[in-house]
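As a plain string of letters, each chain reads:
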Protein chains: 2
Amino acid sequence: MKTVTELLQPVEKDLEDLVLELKNLIGAGHPILQAAAEHLFSAGGKRLRPGIVLLISKAISVDSSLSTKHKRLAEITEMIHTASLVHDDVVDESSMRRGVETVHSRFNTRVAVLAGDFLFAQSSWHLANLDNVDVVKLLSRVIMDLAEGEIKQNLNRYDSGQTFSKYINKSYCKTASLIANSCKAAGVLSEISGDKLEMLYEFGKNIGLAFQVVDDILDFTGNDKQLGKPAVSDLASGYLTAPVLYALEENKNLSVLINRELAEKDDLNDALEIIMSSGAIKKSRILAEDFATHSKDAILWLPESEYKRALMALPEFVLSRLY
Amino acid sequence: MKTVTELLQPVEKDLEDLVLELKNLIGAGHPILQAAAEHLFSAGGKRLRPGIVLLISKAISVDSSLSTKHKRLAEITEMIHTASLVHDDVVDESSMRRGVETVHSRFNTRVAVLAGDFLFAQSSWHLANLDNVDVVKLLSRVIMDLAEGEIKQNLNRYDSGQTFSKYINKSYCKTASLIANSCKAAGVLSEISGDKLEMLYEFGKNIGLAFQVVDDILDFTGNDKQLGKPAVSDLASGYLTAPVLYALEENKNLSVLINRELAEKDDLNDALEIIMSSGAIKKSRILAEDFATHSKDAILWLPESEYKRALMALPEFVLSRLY
C-alpha cells in the first residue's frame, strides 16, 4: 500500500508552493500570527484536502495545467480547514492534535481565537476575489456547515438516543462538506457540466465520510501512529460515533452507562468492553468501505491520467489506515 | 438634542423587523445559541449600524422603498458586528459590555467561540446569497479589517512610540470599515454611480472614526451612561487612544509610565492626571468634530427626505454624547 505522500506525488511540487504561500499570507506583519502560522502549517499535516483539490483540478484540465484560481481555491480549502481546527480545539479543550500541541495550549486562547478568525477572514477575502459567486456560495456553505457541525456535536454529547442519520449528518458537516464542496468548486472554476459537478461533489462527500468513519474507528482500535491523540477520546468526551451507535443497537446496557455520562468509576472501561466485544467495529468498517466504494465510482468518468489514478487510489488509502 | 431612537425613527419599524429576523436566523434549532442570540440581540444595542444602512438605502431609493437585499445587507452588518464583539470580548477578557455581561462570562468561552463563528458563518452565507460579487468583496474586506484591527490593537499595547496614523488605522479597521463598506454596499445594490458610492463610503468612514474617537474620549471623561464599562479601561489594558497620544506629545513623562506598562502602584492614576491636565481631551474633541463634519459634507448631495435629515443629524448625535 502506498503512503499518502506517494499518492499525492503528482501534485507534490504544487503542495510545497501552497504551504509556502500560506505561511506568507498568514504570517506577514503579525509576529503573534507568524508563530501560530509556522506552528500550524508545519505541524505534519497531510495536506489531504488541498491535495485532493489540486488532483481534481489537474484531472479535469485539458492540458493538466493549474490556473491561479484553482491554486487559490486549494489554499482557501486549507485555510478554512485550519481555522476550524484551531477553534474546535478551543471549544473541545483539546491540548494535543496529531501529536502536536494545539494553538491555544502552545500559546493561549486569545491567540487561538484571533488566529482562527484571521484565517476565516483571509479565506472569505480570497474567496470573494475569485470573482465567482457560485464558488463563494459553495465555500460559504462549508463555513456554515463547520460551525453547525461543531454545535451539533456539542449538543448531542452523551445522547444515547441519537439516530444514525444525525451522526452521518454531523460527520458531513464537520468533515465531508469541505471536501465535497471544494471538489465541486474546482469543477465550477473549470466550467464543466452540471452532472459532472455533482459527481465531483459525490466523490468528495463519500471520501470525506469514509475518512471520518475510519477516524472514529481508530479512536477505538488505535493502531494508527498518525492519530497521535489518546484512544477513546471521543467516547470519553461524550461524542457518540459509528462504533458506539452500532454497539447501542446490540446491547442496551451500554445506554445506561452513556446516559449517566460515564460518570462512575469503571464506566468508560465497561463501555469499551461492550463495544469491542460486539460486532460494532466490523459494521463500522463495512460502512467505511461502502463510502469508499461510492467515492471511487463517482469519478470513473475522469479521463485517464496520473491524477485520476491517484484520486482512484485515495479511498483505498483511507481504508488502509485501518489495517 | 434628539436621542438615537428619535433619530432612527424613520426606520424604526424596519429595525424591529431586523431584530426579530436576526433572533429567528440565529436561534433556530440550537438551544445553546438560542440563549446566546436572545442575550446578544436583546442587550440594549443601539442598532446604529443597521440603522445607518437602512437610512442610506431609503435615502437613495427613488420611492423610499426597501428591497429584500437591502434588508438582508442591514442584517449582515449587524451579524458581523455582533460576531466580532463576541470574539473581541474573549480576546480582551472583558466581562461586561454596555452594562450587560458578555457571552463568555454569561455562558463560557466555548459558547462564545461557537456563537461568534456561527454568526460569521451565517453572515458569509447570506452575503454570498446576495448574488453580487462586489458586495461580497466589500463585506469580506470588513471581516479581514476586523480581524486585523483586533490583532493590531493587541500588538500595539503599551507602545508609547506608536504613531497617530497607526491609531487611526486601527480605529478604521475596528469601527469605521464596517460602516463605510456597508454604506457603499447599499449603494452598489441600488446601482448608483461610482462617485456617489465613494461619497457613501466617506460618510460611513468619517462617522465611524468620529464614533470611535468619542468612545475613546468617554473612556476618560465617562459622562456617558450608555458606556456601562469601567472608565480608563482602555488605558488600563494598554490600548493607547487619541487622548493618550495627544498627551504623549505634550508630556514625555507619560511615556515612562506607559513603557513600564503602568505596573507600579500609582502609575494608572498618575497617567490619568497627566492626560486630564493636558490639552489632550480638547484636541481629541476637535478631532472627533472634524470627522463628524467630513461625514456630513459627504452626503449633502442626497435628495431631501426624512432619511437624509436623520443621516445629517447623526454626526451631531455622535458628538452630543460628549456633552
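In the block above lies the structure referred to throughout.
Residues numbered from 1 in each chain as written. Chains lettered and ligands numbered in written order. Predicted model: local features only at pLDDT ≥ 70, side-chain atom pairs only at ≥ 80, totals over all residues. Heavy atoms only, no water.

Asker: I'd like to hear about the interface of chain A and chain B, residue by residue, with values.
Answerer: Counting residues at the interface gives 38 residues for chain A, matched by 38 residues for chain B. Buried area between chain A and chain B, summed over both chains or domains, comes out near 3600 Å², and the portion from carbon and sulfur atoms is 73%. On the chain A side of the interface with chain B, the three residues burying the most area are A:Arg110, A:Trp125 and A:Ile151, jointly 18% of the side's total. Where chain A packs against chain B, one counts two salt bridges. One salt bridge connects B:Lys137 with A:Asp131, and the closest N-O pair in it is separated by 2.9 Å. Counting the contacts that link chain A with chain B gives four residue pairs in polar contact (both at pLDDT 80 or more). Secondary structure elements with two or more residues in the side of chain A that touches chain B: helix H3 (31-42), helix H5 (68-91), helix H7 (109-128) and helix H8 (133-155) of chain A. In terms of residue count, H8(A) provides more of the side of chain A that touches chain B than any other element does, 13 residues in total. For the side of chain A that touches chain B, the class distribution of residues is 19 nonpolar, ten polar and nine charged. (Contact = heavy atoms within 4.5 Å. Buried area = accessible area lost by both parts, 1.4 Å probe. Salt bridge = Lys/Arg side-chain N within 4 Å of Asp/Glu carboxyl O. Polar contact = N/O pair within 3.5 Å; in protein donor to acceptor, adjacent residues only side chain to side chain. Helix = DSSP H or I, 4+ residues; strand = E, 2+ residues; numbered from the N terminus. Nonpolar A, V, L, I, M, F, W, Y, C, P; charged D, E, K, R; others polar.)

Asker: Lay out empty space enclosed by the protein in plain terms, naming residues and giving numbers.
Answerer: Here the structure, examined in full by the defined rule, presents five cavities of 30 Å³ or more. Considering the residues around the largest cavity, the lining is formed by 27 residues, among which A:His87, A:Asp117, A:Phe120, B:Asp117 and B:Phe120 are closest to the centre. Elements represented by at least two residues in the lining of the largest cavity include exactly H5, H7 and H8 of chain A together with helix H5 (68-91), helix H7 (109-128) and helix H8 (133-155) of chain B. Considering every element that reaches the lining of the largest cavity, the biggest residue donor is H7(A), with six residues. (1 Å grid on protein atoms, 1.4 Å probe; cavity = no way out; pocket = protein on both sides within 12 Å on 5 of 7 lines; lining within 4 Å. Points joined across faces, edges and corners; volume = space filled by probe spheres on them.)

Asker: Which residues make up the side chain of A:Ser284, and what are the values?
Answerer: Examined against the element boundaries, A:Ser284 turns out to sit in helix H15 (residues 280-297). The contact partners of A:Ser284, leaving out residues within four places of it in the chain, are A:Val213, A:Ile217, A:Ala242, A:Pro243 and A:Tyr246.

Asker: Describe the relation of the copies chain A and chain B, listing the residues and the values that go with them.
Answerer: Screw-axis analysis of chain A against chain B gives a translation of 0.0 Å along the axis, an RMSD of 0.0 Å, and a rotation angle of 180°. With respect to symmetry, the two chain copies, as superposed, fit the operation of a two-fold axis. Identified as the residue of chain A closest to the rotation axis by C-alpha distance is A:Val133, at 3.0 Å. Same-surface contact between copies: 100% of interface residues of chain A are shared with the interface of chain B. (Least-squares fit on C-alpha atoms with pLDDT ≥ 70 in both.)

Asker: Give me the lowdown on unusual backbone geometry, citing residues and values where you can.
Answerer: One non-glycine residue, A:Asp131, adopts positive backbone phi at about 55°. Within the secondary structure, A:Asp131 sits in the loop between H7 and H8. A relative accessible area of 42% means that A:Asp131 is categorised as partly exposed. Not every positive phi belongs to a glycine, and B:Leu262 is a case in point at roughly 50°. Looking at where B:Leu262 falls in the secondary structure, it is placed in the loop between helix H13 (253-259) and helix H14 (267-276). (Buried < 20%, exposed > 50% of the residue type's maximum accessible area, 1.4 Å probe, protein only.)

Asker: Got a sec to walk through the state of the cysteines? Specific residues and values, please.
Answerer: Within this structure, the stated rule accounts for zero disulfides over all chains. Cysteine A:Cys173 remains unbridged, with the sulfur of A:Cys183 as its closest cysteine sulfur at 17 Å. (Disulfide = S-S within 2.5 Å.)

Asker: Residue-level account of the pattern of salt bridges, with values.
Answerer: Residue and element names in this part refer to chain A. Counted under the stated rule, the structure contains 36 salt bridges over all chains. Between Glu78 and Arg47 there is a salt bridge, with its nearest N and O atoms 3.1 Å apart. Of this pair, Glu78 sits in helix H5 while Arg47 sits in the loop between H3 and helix H4 (48-59); the two residues are 31 residues apart in sequence, bridging distant segments of the chain. Of the charged contacts in the structure, one is a salt bridge between Asp266 and Lys265, with a shortest N-O distance of 3.7 Å. Note on Asp266: relative accessible area 38%, which makes it partly exposed. Each of the salt bridges in this network shares a partner with another, and the network as a whole consists of Glu21, Arg72 and Glu75.

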